[in-house]
Every structure is written in C-alpha cells, then in structure tokens.
Amino acid sequence: MGCSNSASPAYGEMSWFCCGAAWGPCGSAGGGACGTCNSGSHQCAWPHASDACYNITQPYACGHNLALRGCGHVFYVTNRCNGSCVSASVADCGPNTHQFCGESHCCGSTCGTDRLIDLTPSAFSAIASLSSGLLPCRIDS
Amino acid sequence: MTVPAAVQPLLLALVLAASARVKLTSRTARSRATGTALAAIVGKRRAPLAYGMVGGVEAVVALALLAGGVPVVPQRIGAALAVAASTAFVGYLGYARLFAPDSSCGCVSARQAPIRWRSFARAVLLLAASVVALVAGTPWPAAVARPYLAVGVLVVELAAVALLSPELDERWLFPVRRLVLRVRPHPLAGLAYDLPLASTVRQLERSPAYREVGGRLRSDVLDHWDEGEWRIVCYRTDSAATAVFAVPRLRYDPDSVRVAVVTDPEPVPA
Amino acid sequence: MDAMDRRRLLTSAVLGTAGLATATALGPLSPEPAHASPALPATEPVVEDPNFAEGRITGISGTMLLVTGSDTVLHRIRVTNGTSIWKLYPTTFDAVDVGDGLYARGVRMADGTLAADSLWVNIVSMSVQITAIGNGWLHLDHDNKRIVGRVVPGRTAAVYRDAPTTGDLSKLRVGRHAHIIGAWRPDTNEVDLATVYAGTVAG
C-alpha cells in the first residue's frame, strides 16, 4: 500500500498538532495517547485510535465510519492541494471531528470536509506549509 | 435554622446523583477519564474503571442521604459519608492542582473542565453543606414544614453550584456572553483592516495555478507586495527558482491567479 | 540588483506581456515542466526527520541559528537568502530573536547544519473553544488551558466554513470550537492570531 492507491481511502481535512517535548503552549502536550508521539517524527493523530478515543472524537457524528487503527498503524496522507504525500504512524487520538462537522476547505474544485487527521509538524511540513493550517487531504492505509 | 439544615442532604444528594449519573452512564465521560487528574493517581489504563467506581460511591452516598428521610435511618449516616466524600474531593482537587495542573476535573459532566478556583469553591461549598447536615442531623423531610423557604434555599444553593461549575459554562455563561455581544456592538466589528495576507494565500491555494506547481514549492511565502489590483506572492521551488504568483487583491477569483517560474540569480534578501 | 528591481522583474514576469503565464502555459520563463511530480514518501514513516528541526533559539551567529531542541538536541540552522521566515506573517531574519521557538524544514548538510528552506517562528496550531471576546482579544480554551489570543489589525484573518478568508472577525461567537494558527509570544505567553478557522458561523 502507499499514496493514493488503496481501495477505500478517506477524504477530509488535515491539520497539524504538537506532541512530545515541545515549547510554548505545546510544552505540556506529552507523548500522546500512545506515549510515543514526537513532533520531529512523521506521526499522526487518528480519531479511531482506540474505542475510548472513538467515544471522544465521535467522527460518526459527522457521518464518518472510520476504521479502528491503533498505535503504530501507518497511513499515507496526501495533500490534495499539491499532490504531495507523506507516511505517518498513529501516535495519538484526535482530532475531535465532531466539533467541526461540515467544515470544508477546498483547492479549486477539490474539497475536504470534516477534520479527520492531525499530523506532527515534521510530517505536515513535508507536504505543506505549517502556516496553511487546514488543508484537504486523502488518507490511504 | 432547622429548615435550611434539612435542605442540605437534598442538595448534596442531587449534586452527587447528577455526578454519579454522568460517571456511570456516559461512555464519552468514561473515555475522557484518561484526561482527568484521576489518571495521574491511578494510571491512564485504570482511570475509566476508577472513574466508574467513583460514580458508584457517589450514588451510594446520594442514596444514604435520601435514606435519612426514612425514620429508622439516622440522617447523620448519609451526612457523615458526604463529609468524607467532600473532604476527599477537596483533597483530590488539591492533588490535581499540584501534580496534574493541565488535567480535567472529571467532576459533574462529560465536558472537560480545567481545575481552577471555581472548582475549589464548589468543593468547599459542598463540604460546608455536608458539615451543616452532619452537625444538625435534621432529617430532610423536616424541610416541608416551611416549603417556600426550603425551595428557596435549595434553588439558591443549586444556582451557586451551577455558577461554580466550569462544566456548565456552556449552558449559561456562554449564552449570556453571546447575548451581550448581540445587544452591544461586536468588539471585533467595523475594524477597517487591510486585506490579510492569509486571505490572499488561501485564495492562492485554491487556484488551478497553485495545484500545478504547489508540489514543487520548497519554502513558505518568501516575499509579497501589492501591484495595483494584484498581490504578488513569491515562493522558492525545488530547483532554487522563484515561483511568482499574482493573486487578485480586490476580488475573489482563484481561477484568475497567474504564476510564472523564474530562474532567479538573486533571491530576496534575508 | 536591489530588492525593488527584483520585485519589478518578478512583477513583469507574472503580469507583463511576456508573463501572461498560467500554470498550464508557463512559457519560456519556466525552466521546469508544468506538472509537478512530488517525491514519494518512504514506505515506513520517518523517525526523527533529519531535514526538520524544532526547539528554542539560544543564539544567533551571523546567519546561523543555534537552536536547543525540546529533546535537548542542539541544532545549527543556516538561514539563506532563499529561506522563508514566518513569524505571524512572512518576515525577515531581523525579526527572529533569541528565546523564540521554531520549526524548520530544509536540507541537512554533511557538516550537520540544516540549510533551511522554511522557518516558522513561534508558530502554534491549536484546536480551541472561544470562551470570551473583547476589544482586540479572544479568550480561548485549549486542553483545559486558558489562552489569550490577540487580534492583530491587518494580519488576523478568519475562515468561516468554506467561505473566502476574510479580515472580518465579527462573526466569531462565544462557545464555538475553532482551530487557530498563531504566533506565540514568549514574554507574555499570549498568542497573536494569524488565522482563526471558525468552522461554522453561529446563529
């Protein structure tokens, strides 16, 4: 498996978050739900990293039936604005999808709806600018 | 003093029952237990179970307080349990504030709520009510002797608990603040701001031009300036050239964004 | 060539008669094919990306930033004329101070320095709830921490759902969940707001 070639990809929005040792408001972020999260590694937060996580993030409230993918599972995340792709392993629970139901960002006619994945700064900056914030993405397993 | 004292077991029973209901029935609340200070005490793995057990204890204390209305059951049994529970709760908040300051209270709602002075004030209020109930020992049915006074005391105390509960801000504080913003001018309205660069970049990212060359950009915005109706935005490409975008400044029209890639012997000065 | 000459050149390249270039017709100005072919990622996710660095700036020597990573690893980051620098908005090297936090992406050189393509100074990305709004500020709740978000005239933008990004912040409402990109102020621990992704427009 790899970028943009799985049978059932998920489409949505991606953002970035900090974890592990960090500075500023991120200083107390900690190692995430998996205990291994680190801003310098290509990792991600997934809304269904565990059943308990699923109860918090509630992507089903926005109509997303996301598969359970636990700590260490590798996703391939494609920035749909420029086609760049990065692989990232699950290291935390998030984002809180249900708090942003219906939110959408587009590149031309290509849109991503609902927050489905957060990447660490190193993973996000490999495919987009950190100042971009939210971008439409494709997620393959 | 008899009637207000008789109301305290009811107040405590209501608050404890509400808290227990959340802990015992809300899957979301139990899942969030890993983010509460309880996780710092018992560990993240055991936190959901411990959270449920706390809910069970709260339910038992609430029942014991209500059982004080039965003539053969002394009200002081429930009141003593309430004093113990309230004291433990104050201790829990103190521990959390010292050793897990960023954790959630995990108190009376599935909503996350930081542990700040209001949480402490609420805990102290409940402890005081417990002590009054224990010292007076008045069974709660005595409150019906003066029903208006009893209801008044109960309503005031429940209102105080609500005011001191950060978890309930969404129910009353935020609507009040929204109302204030509606009846008065929005504090952020009418500010004659320039067009933020973020707006230009967002339009740029939506353009067909950006999709064509975006994968080759290696930097964030290097330089930008306005040129008539256009805002010019520059990036560095993977071949050390400069990608120059012209973005409409006065209208929203991503399709009209233009781009040129220029081999640039002298990038913008740092 | 000074900065103004350079700007004139680039402006004429993209807007001038020879520069009526669009992405599908880059013309003679483009040294590269129009369609990008992004590099494929490694099959296994990168652990400790060598081309990325984060931490606090502990020293500035010429165009070299000395950065102590949050994991205490020391980084030397070289800033060149082609390095983009973001600190609330695109800015210049002069704006970077000792004590700032940063994320950097570039190319790790043989001598261990990171030749930076991009620096993001003090940048933060947070999901928050707006708890209060005042003149020039938002109070935000982020993971049980209260954050003061400062509105910077002419810089702070808002995105409401999928509408065009705007400088109009008057549709922000108390109680709404939002995502913010901003610049942390090390001295006050407040955050200057760059973009507020408001998600939905409250009624």
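Reading guide: rules and limits
- Residues numbered from 1 in each chain as written.
- Chains lettered and ligands numbered in written order.
- Predicted model: local features only at pLDDT ≥ 70, side-chain atom pairs only at ≥ 80, totals over all residues.
- Heavy atoms only, no water.
- Helix = DSSP H or I, 4+ residues; strand = E, 2+ residues; numbered from the N terminus.
- Rg over C-alpha atoms; globule rule 2.2 N^0.38 Å.
- Buried < 20%, exposed > 50% of the residue type's maximum accessible area, 1.4 Å probe, protein only.
- Areas by Shrake-Rupley, 256 points an atom, 1.4 Å probe, with all protein chains shown as cover.
- Lys, Arg positive; Asp, Glu negative; His and termini not counted.
- Charge placed at Lys NZ, Arg CZ, Asp CG, Glu CD.
- Domains from an automatic or database assignment.
- Contact = heavy atoms within 4.5 Å.
- Buried area = accessible area lost by both parts, 1.4 Å probe.
- Polar contact = N/O pair within 3.5 Å; in protein donor to acceptor, adjacent residues only side chain to side chain.
- Nonpolar A, V, L, I, M, F, W, Y, C, P; charged D, E, K, R; others polar.
- Salt bridge = Lys/Arg side-chain N within 4 Å of Asp/Glu carboxyl O.
- 1 Å grid on protein atoms, 1.4 Å probe; cavity = no way out; pocket = protein on both sides within 12 Å on 5 of 7 lines; lining within 4 Å.
- Points joined across faces, edges and corners; volume = space filled by probe spheres on them.
- Pairing = 2+ DSSP bridges.
- Core = buried A, V, L, I, M, F, W, Y, C linked by side-chain atoms within 4.5 Å.
- Phe/Tyr/Trp six-rings, centres within 6.5 Å; stacked < 30°, edge-to-face > 60°.
- Axes fitted to C-alpha atoms, helices over the stretch in contact; angles between N-to-C directions.
- Patch = residues over 30% accessible without salt bridge, like charges linked within 9 Å, V, L, I, M, F, W, Y side chains within 5 Å.
- Disulfide = S-S within 2.5 Å.

Draft legend 1. Summary view of the overall build of chain A. Regarding its fold elements, chain A presents two helices and eight strands. Along chain A, helices (α) and strands (β) appear in the sequence β-β-α-β-β-β-β-β-α-β when read from the amino end. Compactness check: chain A gives a C-alpha radius of gyration of 14 Å against a globular reference of 14 Å for 141 residues, within 12% of the reference. In chain A, buried positions account for 68% of the 141 residues. By element, 48% of the accessible surface of chain A is carried by carbon and sulfur atoms, the whole surface being about 3,900 Å². Side-chain charges in chain A split into 4 positive and 7 negative, and the spacing between the mean points of these groups amounts to 8 Å.

Draft legend 2. Focus on the domain arrangement of chain C. All names here are of chain C. Here chain C is described as being made up of domain 1 (52–121) and domain 2 (123–197). A straight line from the C-alpha centre of domain 1 to that of domain 2 covers 25 Å. Taken residue by residue, the interface counts 10 residues in domain 1 and 11 residues in domain 2. Together, the buried faces of domain 1 and domain 2 total about 770 Å²; carbon and sulfur atoms form 77% of this surface. The largest per-residue losses of area from domain 1 upon contact with domain 2 belong to Trp86, Leu88 and Tyr89, which jointly make up 60% of the total buried on that side. Linking domain 1 with domain 2 are one residue pair in polar contact (both at pLDDT 80 or more), by the criterion used here. Elements supplying a minimum of two residues to the side of domain 1 that touches domain 2: strand E5 (101–108) and strand E6 (114–121). The residue inventory of the side of domain 1 that touches domain 2, partitioned by class, reads six nonpolar, two polar and two charged.

Draft legend 3. Fine view of unusual backbone geometry. With an omega dihedral of -10 degrees, the bond running from Gly94 of chain A to Pro95 of chain A counts as a cis peptide bond. With respect to the element layout, Pro95 of chain A can be found in the loop between strand E4 (85–93) and strand E5 (104–107). The phi dihedral of Gln58 of chain A is positive, around 50 degrees, even though this residue is not glycine. Position of Gln58 of chain A among the secondary structure elements: in the loop between helix H1 (51–57) and strand E3 (74–79). Positive phi, close to 60 degrees, is recorded for Asn122 of chain C, a residue that is not glycine.

Draft legend 4. Summary view of the pattern of salt bridges. Using the criterion set out here, one finds 20 salt bridges over all chains in the structure. A salt bridge links Asp226 of chain B to Arg231 of chain B; the nearest nitrogen and oxygen atoms lie 2.7 Å apart. Ionic contacts of the salt-bridge type, sharing partners, join the residues Arg150, Arg185, Glu190 and Asp192 of chain C into one network.

Draft legend 5. Broad picture of the side chain of Glu205 of chain B. Topologically, Glu205 of chain B is positioned in helix H9 (residues 197–205). Relative accessible area serves as the criterion here: at 5%, Glu205 of chain B is assigned to the buried category. There is a polar contact of 2.6 Å between the side chain of Glu205 of chain B and the side chain of Ser132 of chain A. In this structure Glu205 of chain B touches Cys81, Cys107, Ser132 and Leu135 of chain A together with Tyr210 of chain B, once residues within four positions along its chain are discounted.

Draft legend 6. Expanded view of empty space enclosed by the protein. Here the structure, examined in full by the defined rule, presents two cavities of 30 Å³ or more. The calculated volume of the largest cavity comes to roughly 250 Å³. Surrounding the largest cavity, 21 residues form its lining, Ser131 of chain A, Leu197 and Ala198 of chain B together with Trp86 and Thr195 of chain C being those nearest its centre. Of all the secondary structure elements, the ones that give two or more residues to the lining of the largest cavity are H9 of chain B together with strand E12 (191–197) of chain C. With five residues, H9 of chain B is the single largest residue contributor to the lining of the largest cavity. Split by residue class, the lining of the largest cavity holds 12 nonpolar, five polar and four charged.

Draft legend 7. How the structure looks around the pairing of strand E2 (residues 43–46) of chain A. All names here are of chain A. Burial along E2 is two-sided: the face carrying Gln43 and Ala45 and the face carrying Cys44 and Trp46 are both buried. Of the pairings in the sheet, the one linking E2 to strand E7 (residues 115–119) comprises two bridges and is antiparallel in character. Each bridged residue has a counterpart across the sheet, and for Ala45 the counterpart in E7 is Asp118.

Draft legend 8. Quick peek at the nonpolar core. Core analysis: the largest hydrophobic core is formed by 83 residues, its most contacted members being Met14, Ile117 and Leu119 of chain A, Tyr235 and Phe245 of chain B together with Tyr103 and Leu172 of chain C. The element that contributes the greatest number of residues to this core is strand E7 (residues 123–134) of chain C, accounting for six residues.

Draft legend 9. Spatial organisation of the packing of aromatic side chains. Within the structure shown, the criterion is met by 10 aromatic pairs over all chains. Relative to Tyr103 of chain C, the ring of Trp23 of chain A has its centre 5.3 Å away and its plane inclined at 40 degrees; by these criteria the two rings are tilted. Taken together, the positions of Trp23 of chain A in the loop between strand E1 (10–16) and E2 and Tyr103 of chain C in strand E5 put the pair across two chains. Take Trp23 of chain A and Tyr103 of chain C: they sit in the same class, and that class is buried.

Draft legend 10. Examining the sheet that holds E7 of chain A more closely. If you trace the six strands once around the closed barrel, you get E1-E7-E2-E4-E3-E8 (chain A), paired in mixed fashion. The sheet shows a mean angle of 45 degrees between the axes of neighbouring strands, direction not considered.

Draft legend 11. Layout of the interface of chain C and chain B. Facing 71 residues of chain C, the contacting portion of chain B comprises 67 residues. Interface area, chain C with chain B, both sides summed: about 5,800 Å², of which 57% is carbon and sulfur. In this assembly, chain C and chain B are joined by 13 residue pairs in polar contact (both at pLDDT 80 or more). Per-element tally for the side of chain C that touches chain B: the top contributor is helix H1 (residues 3–15) of chain C, with eight residues. Tallied by class, residues from the side of chain C that touches chain B come to 33 nonpolar, 27 polar and 11 charged.

Draft legend 12. Fine view of a nonpolar patch on the surface. All names here are of chain B. Taken together, Ile41, Tyr95, Leu98 and Phe99 make up a surface patch of nonpolar side chains, about 440 Å² in accessible area. Its location among the elements puts Phe99 in helix H5 (residues 75–99). On the accessibility criterion, Phe99 (57% relative accessible area) is exposed.

Draft legend 13. Main features of the state of the cysteines. Applying the stated criterion across every chain, the model contains eight disulfides over all chains. In this structure Cys137 of chain A is a free cysteine whose sulfur lies 10 Å from that of Cys81 of chain A, the closest cysteine sulfur available.

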